[in-house]
Amino acid sequence: NAGVTQTPKFQVLKTGQSMTLQCAQDMNHEYMSWYRQDPGMGLRLIHYSVGAGITDQGEVPNGYNVSRSTTEDFPLRLLSAAPSQTSVYFCASSPGGERNSPLHFGNGTRLTVT
Amino acid sequence: GNSVTQMEGPVTLSEEAFLTINCTYTATGYPSLFWYVQYPGEGLQLLLKATKADDKGSNKGFEATYRKETTSFHLEKGSVQVSDSAVYFCALSDHGFQKLVFGTGTRLLVSP
C-alpha cells in the first residue's frame with residue numbers, strides 16, 4: 001500500500017515564487033491535514049479537511065491555500081513564498097473524525113525559500 | 001489553549017538502558033494522548049495512545065500511562081536498542097477531526 005504520498009521531496013524557491021505541494025492518499029480517508037515542522041517548535045497545523053469540498057484553517061494558515069476536490073488529494077499552495085516558509089511539510093490523513101483515530105503521515109517535503 | 005511540553009533533548013543512552021521521556025500537557029477538556037515516533041527521513045508514525053485517565057498505552061516495549069492528576073504521559077522503555085534512535089513526539093487531541101497539538105519532540109540517540 002502506498003499510504004500517504006507527498007511530492008516533491010525537496011524544493012528550493014526564490015522569494016515571491018509560487019508552488020503547490022502535492023499530497024495523495026489511497027486509503028479512502030475522510031480527514032486530511034497539512035503540518036509544518038520547524039526546529040524547536042514541533043509540528044503545527046496549517047489547514048485541514050474533513051471531506052471533499054470542506055476545508056478549514058489550523059494554527060498557522062497565513063500564506064497558504066488548500067482545496068479538496070477529491071477524497072484522495074489535498075494540495076497545499078504557496079502563492080508568494082517567503083523565507084519564513086522554509087520548513088518541512090507533512091501531509092497526514094485519518095479514517096474519520098474520531099479524535100482517537102491515528103494520523104497516517106507522508107514522508108514530508110523539505111522546502112527552502114531563499 | 002491546549003499545549004504539550006516535552007523534555008529537552010537529545011537523550012543519549014547506551015543499549016539496554018532504561019528510557020524515560022517526560023511529557024506534560026495542558027488541556028481544557030479530556031484529551032486523548034499520543035506518542036508518535038519519527039525515524040530519519042520519514043514521516044511520523046503512531047507509537048501508542050491512551051484515551052482516558054489511567055489508561056496505559058503500549059507498543060514495541062514502550063509504555064505510557066495517562067495520569068490526569070499530574071497531567072502527564074511519560075514514555076518509558078525498559079531496555080532500549082540502537083534501532084530506537086529517533087525523534088519522539090508527545091501529542092494531544094481535545095477536539096474532533098484529529099486537530100493534534102504536538103510537543104517539540106525529543107531526540108533519542110542509542111549507542112551500542
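Quick note: structure is the one above.
Keep in mind the model is a prediction, meaning the values are calculated, not measured. Each chain has its residues counted from 1, running along the sequence as written. Each chain is given a letter, starting from A, and each ligand a number, starting from 1, according to the order in which they appear as written. In keeping with the predicted nature of the model, local features appear solely for residues at pLDDT of at least 70, side-chain atom pairs appear and are counted solely at 80 or more, and the whole-chain, interface and lining totals rest on all residues. The basis for every side-chain value is the complete set of heavy atoms in the structure, and neither hydrogens nor water enter the calculation.

Caption draft 1: Structural view of the overall build of chain A. The number of helices and strands found in chain A is zero helices and 11 strands. In DSSP terms, a helix is any run of H or I states spanning at least four residues, a strand is any run of E spanning at least two, and both are numbered starting from the N terminus. Overall, chain A shows an N-to-C arrangement of helices and strands of β-β-β-β-β-β-β-β-β-β-β. C-alpha atoms define the radius of gyration, and 2.2 Å times the number of residues to the power 0.38 defines the globule rule. In terms of overall dimensions, chain A is globule-like: its C-alpha atoms have a radius of gyration of 13 Å, near the 13 Å expected for 114 residues. Residue exposure (1.4 Å probe, protein chains only): buried if accessible area is under 20% of the type maximum, exposed if over 50%, otherwise partly exposed. With 114 residues in all, chain A has 47% of them scored as buried.

Caption draft 2: Spatial organisation of the packing of aromatic side chains. Residue and element names in this part refer to chain B. Each pair of aromatic rings taken from Phe, Tyr and Trp, with Trp reduced to its six-membered ring, is defined by centres within 6.5 Å and is described as stacked if the planes are under 30 degrees apart, edge-to-face if over 60, and tilted in the remaining cases. Here the structure, examined in full by the defined rule, presents 12 aromatic pairs over all chains. Ring centres of Tyr25 and Tyr66 lie 6.1 Å apart, and the angle between their planes is 75°; on these two criteria the pair is classed as edge-to-face. Remark: Tyr66 occurs in the loop between strand S8 (62-65) and strand S9 (75-77) and Tyr25 occurs in strand S4 (residues 23-26); sequence separation between them is 41 residues. Grouping residues by exposure puts Tyr25 and Tyr66 together as buried.

Caption draft 3: Representation of the layout of surface pockets in the model. Computed over the protein atoms alone on a 1 Å grid, cavities are sets of points where a 1.4 Å probe fits but cannot get out and pockets are open sets with protein on both sides within 12 Å along at least five of seven lines; a residue lines them when it has an atom within 4 Å of a point. Grid points are joined across faces, edges and corners, and a volume is the space filled by probe spheres set on the points. Roughly 780 Å³ of internal volume is contained in the largest pocket. Together, 33 residues line the largest pocket, and Gln37, Val88 and Arg110 of chain A together with Gln38 and Arg107 of chain B are the ones closest to its centre. For the lining of the largest pocket, the secondary-structure elements that each account for two or more residues are strand S4 (31-38), strand S9 (87-94) and strand S11 (109-113) of chain A together with strand S10 (86-93) and strand S12 (106-111) of chain B. For the lining of the largest pocket, the element with the highest residue contribution is S11 of chain A, accounting for four residues.

Caption draft 4: Up close: the state of the cysteines. By disulfide we mean two sulfur atoms from cysteines, separated by a distance within 2.5 Å. In this structure the tally under the stated criterion is two disulfides over all chains. Residue Cys23 of chain A pairs covalently with Cys91 of chain A via a disulfide, S to S 1.9 Å. A torsion of -75° about the S-S bond marks the disulfide between Cys23 of chain A and Cys91 of chain A as left-handed. Residue Cys23 of chain A is found in strand S3 (residues 19-25), and its partner Cys91 of chain A is found in strand S9; the two are separated by 68 residues along the sequence. Summarising the burial analysis for this pair, Cys23 of chain A and Cys91 of chain A share the class buried. Disulfide pairing is shown between Cys23 of chain B and Cys90 of chain B; the S-S distance is 2.0 Å. Taking the torsion about the sulfur-sulfur bond, which here is approximately -70°, the covalent link between Cys23 of chain B and Cys90 of chain B counts as left-handed. With Cys23 of chain B in strand S4 and Cys90 of chain B in strand S10, the pair connects residues that are 67 residues apart, well separated along the chain. For Cys23 of chain B, a relative accessible area of 1% puts it in the buried group.

Caption draft 5: Representation of the pattern of salt bridges within the structure. Take a side-chain nitrogen of Lys or Arg and a carboxyl oxygen of Asp or Glu: if they are within 4 Å of each other, that pair is a salt bridge. The tally for this structure, following the rule as stated, stands at five salt bridges over all chains. In this structure, the salt-bridge partner of Asp38 of chain A is Arg36 of chain A, at a minimum N-O distance of 2.8 Å. Judged by relative accessible area, Asp38 of chain A falls into the buried class, the value being 10%. A relative accessible area of 8% means that Arg36 of chain A is categorised as buried. When the shortest N-O distance is used, the salt bridge between Lys56 of chain B and Glu63 of chain B registers 3.7 Å. For Glu63 of chain B, a relative accessible area of 34% gives the class partly exposed.

Caption draft 6: Looking closely at the sheet that holds S3 of chain A. Residues and elements named next belong to chain A. Pairing is antiparallel across the open sheet formed by four strands, whose spatial order is S1-S3-S8-S7. The outermost strands of the open sheet, each flanked by one partner alone, are strand S1 (4-7) and strand S7 (64-66). For this sheet the average axis-to-axis angle between neighbouring strands, irrespective of direction, equals 20°. In this description, strands pair whenever DSSP reports at least two bridges between them. Note on geometry: axes are C-alpha line fits, over the in-contact stretch for helices, and angles between N-to-C directions span 0 to 180 degrees.

Caption draft 7: Seen up close, unusual backbone geometry. The omega torsion across Thr7 of chain A and Pro8 of chain A is -10°, close enough to zero to call that bond cis. Structurally, Pro8 of chain A can be placed in the loop between S1 and strand S2 (10-13). Of note, the amide linkage connecting Gly9 of chain B to Pro10 of chain B takes the cis form, showing an omega dihedral of 0°. On the secondary structure map, Pro10 of chain B appears in the loop between strand S1 (3-6) and strand S2 (11-14).

Caption draft 8: Structural view of the interface of chain A and chain B. Any two residues whose heavy atoms approach within 4.5 Å are treated as being in contact. Taken together, the 22 residues of chain A in the interface contact 25 residues of chain B. Put simply, chain A and chain B have zero salt bridges between them. We call two N or O atoms a polar contact when they sit within 3.5 Å, provided that within protein one can donate a hydrogen and the other can accept it, with sequence-adjacent residues counted only if both atoms are side-chain atoms. At the junction of chain A with chain B, the criterion picks out four residue pairs in polar contact (both at pLDDT 80 or more). With five residues, strand S5 (residues 42-51) of chain A is the largest single contributor of residues to the side of chain A that touches chain B.

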